[in-house]
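# Descriptive analysis of the structure
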Amino acid sequence: MRVLKFIIANIGPYKKYVVGIFLAMCLITVDNTLKPLLVKLFIDIVSGAEQGNLWVVFTFYALLQFMLVSVWTMSDYCITKYTAKFRLNVAEHFMTKLYEYPYSFFQNQLSGSLTSKINDAFQHLPHLIFTIINPFMYFILLILISLGLLASVAPIFALSMGAWVFLFFVITMVSMKKSMRLNKEYAEEKSKIIGLAADYLGNMMSVKLFAARTFEQGRFSKLQKPFVDIAEKGGFYHTWLYGFLGMLTSLYALFFLAALIFGYQKGVVTPGDFALVIMINFNIINTLFQLSHMLRDFIANWGAVDQAIALLETSEITHSDKTNATALNCRQGKIAFDQVKFHYKGTEPLFENKSIEINAGQKVGLVGYSGGGKSTFVNLILRLYDVTDGAIVIDGQDIRDVTQDSLRENIAMIPQDPSLFHRSLMENIRYGRADSTDEEVIEAAKKAHAHEFISTLPQGYDSLVGERGVKLSGGQRQRIAIARAILKNAPILILDEATSQLDSVTESLIQESLWELMQNKTTIVIAHRLSTLLHMDRILVFDKGKINEDGTHSELLSKAGLYKHLWDAQVGGFLGDEKTEEA
Ligand SMILES: Nc1ncnc2c1ncn2[C@@H]1O[C@H](COP(=O)(O)OP(=O)(O)OP(=O)(O)O)[C@@H](O)[C@H]1O
């Protein structure tokens, strides 16, 4: 039922076209059912069974013919008018709705599989509406008018056709439930295959590096069996169903023909009646057969659309904005964790009763072993995940009480491995602030030392960067992300290994711009290269979700704890004397 609900909720602006198609269909049906009546009149007049003027009948026939052409044109016009716009509406609806989903939802889904589902809705929904209006409505009207016409010849004809259509309808309805289930399963398996293909293509570099084609083929083969099984199960089910219905239809047609011959021999059926009943019967049988096959497509489309729309009803939404959420008023940028507990779904607790304050304008470095919880700490501030208990408060406002858009508008984040859109560099940088001018974008790029490499590209700022920015080096992508953050100029700044992929010379050049950017901002810097944190006001040392040490660089060195241990390892391992002296 959710498919119908979705259609009703979204068809609003296109109602007039749908009504247009519906009216056209009614007229086409009237035309198709009245023509056999005119043919009967022709035959009865020609054979002398009835008196009448052939030209009067001809005029009616001609009128019907012109009406038919006009309404087909009207129907085509309405279909063209609504299909593309409705499709866009559907895609937009999905994109808007999915934006509200938590970040964890996208971590658990293959983007290819999601795209496949959206594509199903995009492709099939207009067809679905068309099928409901066109063949189904056509069939209902056809049956009603035909029953009336048959009753005018002999009530028994109308009765037997009514009984047969009823039987056909019952069998179809009974089989539909199973059919829908099979088609839903088929659509689900199909989306897994497309998801896998997208994952494979998206990771082509790893596949090649590990010469893993055979391994990937193995994974693909594992999905083949369930896919083929369900496809065959559905296919054979319909084959038997249509075979059975075909047999019933043939019996019915033969019964009618025999009854007509019998009536004609008895003199109760005129030649015109004979033609009328045969034409109506052919009409109904043809339509029913087309309909039963269309029903199969209809059910397949329905299944695909249903599982796409199921996406919109997933129960995973755990942190959409509260109805009374206000915009974050970030006056100073003070961040406080108040008794925060957090664990990822199905994993051990990472943070337990974490309470910590980061004052407005403070520059805080986060260090610690890999997996210690540094990224999780900033992801919680960004509300990519909700805390399990406790609260995160920015300038006195619980971040669950403010809109997520306003929260993230006040935070500029430079991630470790920024992913870019397959759009021009200009557009990618402008993502930091949509209303910035070209000059402002270029200015930000200069500060991020991205301008140097951008100006050497043949198309400069108009160059496209490939999917997720694959045509740029890691360091170049980082510089674009830094330019975005410079442009955004938000009161809270988070750098997650923001310069880890840059060479030392470029890094030291950028440090100046970053330092400038950090002024008067609350800044959190995650870094494994501890030398980048020397000038932080404070350093938090993470170990298995706990903050074990908290202090300035020199305070922590004097403690001889984990920080000192990390520093010594790094100074001994990677840094030269120069850095040690600097420390
Ligand atoms: N989406 C997730 N689902 C489940 N567990 C996760 C998820 N993201 C991270 N974790 C786990 O949470 C723990 C902390 O990870 P986190 O990324 O915060 O560490 P980190 O200190 O930033 O590590 P690194 O320095 O390597 O970036 C790790 O054990 C990690 O496996």
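Just so it is clear, the model here is predicted, and its values are computed rather than measured.

### Thoughts on the site of the ligand
Taken together, 13 residues lie around the ligand, and Ser370, Gly371, Lys374, Ser375 and Thr376 are the ones closest in. Gly372 places a main-chain nitrogen or oxygen 3.1 Å from an oxygen atom of the ligand. Within the side chain of Thr376, an N or O atom sits 2.4 Å from an oxygen atom of the ligand. Against a free-state accessible area of 630 Å², the protein chains account for coverage of 63% of the ligand. Per-element accounting of the shell around the ligand gives the leading share, three residues, to helix 10 (residues 374-381).

### A look at the domain arrangement of the protein
For the protein, the domain assignment lists domain 1 (2-313), domain 2 (328-347 + 354-410 + 492-500 + 521-583) and domain 3 (417-489). Distance from the C-alpha centre of domain 2 to the C-alpha centre of domain 3: 26 Å. The interface of domain 2 with domain 3 comprises eight residues on the first partner and five residues on the second. Put simply, domain 2 and domain 3 have zero salt bridges between them. Between the two partners, domain 2 and domain 3, sit three residue pairs in polar contact (both at pLDDT 80 or more).

### Brief notes about the sheet that holds strand 5 (residues 397-398)
Strand order in the open sheet formed by four strands is 2-1-4-5, with antiparallel pairing between adjacent strands. The open sheet has two free edges, formed respectively by strand 2 (351-358) and strand 5, since each of these has just one partner strand. Note: strand 4 (residues 389-394) against strand 5, two bridges, orientation antiparallel. In the strand pairing of strand 5, Ile394 is matched with Gln397. Across the sheet, helix 10 is in contact with strand 1 (335-342), strand 2 and strand 4; its angle to strand 1 comes to roughly 115 degrees.

### A few points about the packing of helix 1 (residues 2-10) against helix 9 (residues 271-310)
Their axes nearest at 9 Å, the elements helix 1 and helix 9 cross at an angle of 75 degrees. It follows that helix 1 is roughly perpendicular to helix 9 by the angle criterion. Mapping the contact onto sequence places Arg2, Val3, Leu4 and Phe6 in helix 1 and Trp302, Val305, Asp306, Ile309 and Ala310 in helix 9. Class assignment of the residues belonging to the contact of helix 1 with helix 9 gives a composition of seven nonpolar, no polar and two charged.

### With respect to the UniProt feature "transmembrane region" (unreviewed entry) in the protein
On the UniProt side, "transmembrane region" (unreviewed entry) is annotated at positions that read residues 21-43, 55-79, 128-150, 156-174, 240-262 and 274-291 here. Helix makes up 100% of residues 21-43 and strand makes up 0%, while its end C-alpha atoms are separated by 33 Å. Taken end to end, residues 274-291 is 100% helix and 0% strand, and its first and last C-alpha atoms sit 25 Å apart.

### Concerning helix 3 (residues 54-99)
With 46 residues, helix 3 should reach 68 Å at 1.5 Å per residue; the first-to-last C-alpha distance of 67 Å fits that figure. Its side-chain oxygen placed 2.8 Å from the backbone nitrogen of Trp55, Asn53 serves as the N-cap of helix 3.

### Some thoughts on the pairing of strand 4
Where strand 1 and strand 4 come together, five bridges link them in antiparallel fashion. Bridge assignment links Asp338 to a residue of strand 4, and that residue is Ala391.

### Comments concerning the side chain of Asp120
Relative to the elements of secondary structure, Asp120 occurs in helix 5 (residues 111-153). On the accessibility criterion, Asp120 (2% relative accessible area) is buried.

### Things to note about the sheet that holds strand 10 (residues 546-551)
Read across the sheet, six strands follow the order 6-7-8-3-9-10 without closing on themselves; strand pairing throughout is mixed. Looking at strand neighbours, the two that pair on one side only are strand 6 (411-414) and strand 10, the edges of this open sheet. With strand direction ignored, the average angle separating the axes of adjacent strands in the sheet is 15 degrees. Bridge count between strand 3 (residues 363-368) and strand 9 (residues 538-543): five bridges; the pairing is parallel. Paired with Val367 across the bridge in strand 9 is Val541. Across the sheet, helix 10 lies against strand 3, strand 6, strand 7 (492-496), strand 8 (522-526) and strand 9, angled at about 150 degrees from strand 8, the strand it touches most. Each of strand 3, strand 6, strand 7 and strand 8 is contacted by helix 16 (residues 504-518), which is oriented at about 150 degrees to strand 7, the strand it contacts most.

Definitions and limits used
- Residues numbered from 1 in each chain as written.
- Predicted model: local features only at pLDDT ≥ 70, side-chain atom pairs only at ≥ 80, totals over all residues.
- Heavy atoms only, no water.
- Near = heavy atom within 4 Å.
- Polar contact = N/O pair within 3.5 Å; in protein donor to acceptor, adjacent residues only side chain to side chain.
- Areas by Shrake-Rupley, 256 points an atom, 1.4 Å probe, with all protein chains shown as cover.
- Helix = DSSP H or I, 4+ residues; strand = E, 2+ residues; numbered from the N terminus.
- Domains from an automatic or database assignment.
- Contact = heavy atoms within 4.5 Å.
- Salt bridge = Lys/Arg side-chain N within 4 Å of Asp/Glu carboxyl O.
- Pairing = 2+ DSSP bridges.
- Axes fitted to C-alpha atoms, helices over the stretch in contact; angles between N-to-C directions.
- Parallel < 35°, antiparallel > 145°, perpendicular 65-115°, else oblique.
- Nonpolar A, V, L, I, M, F, W, Y, C, P; charged D, E, K, R; others polar.
- UniProt positions renumbered as here; feature names shortened; annotations may be inferred.
- Expected span 1.5 Å × (residues − 1).
- Buried < 20%, exposed > 50% of the residue type's maximum accessible area, 1.4 Å probe, protein only.

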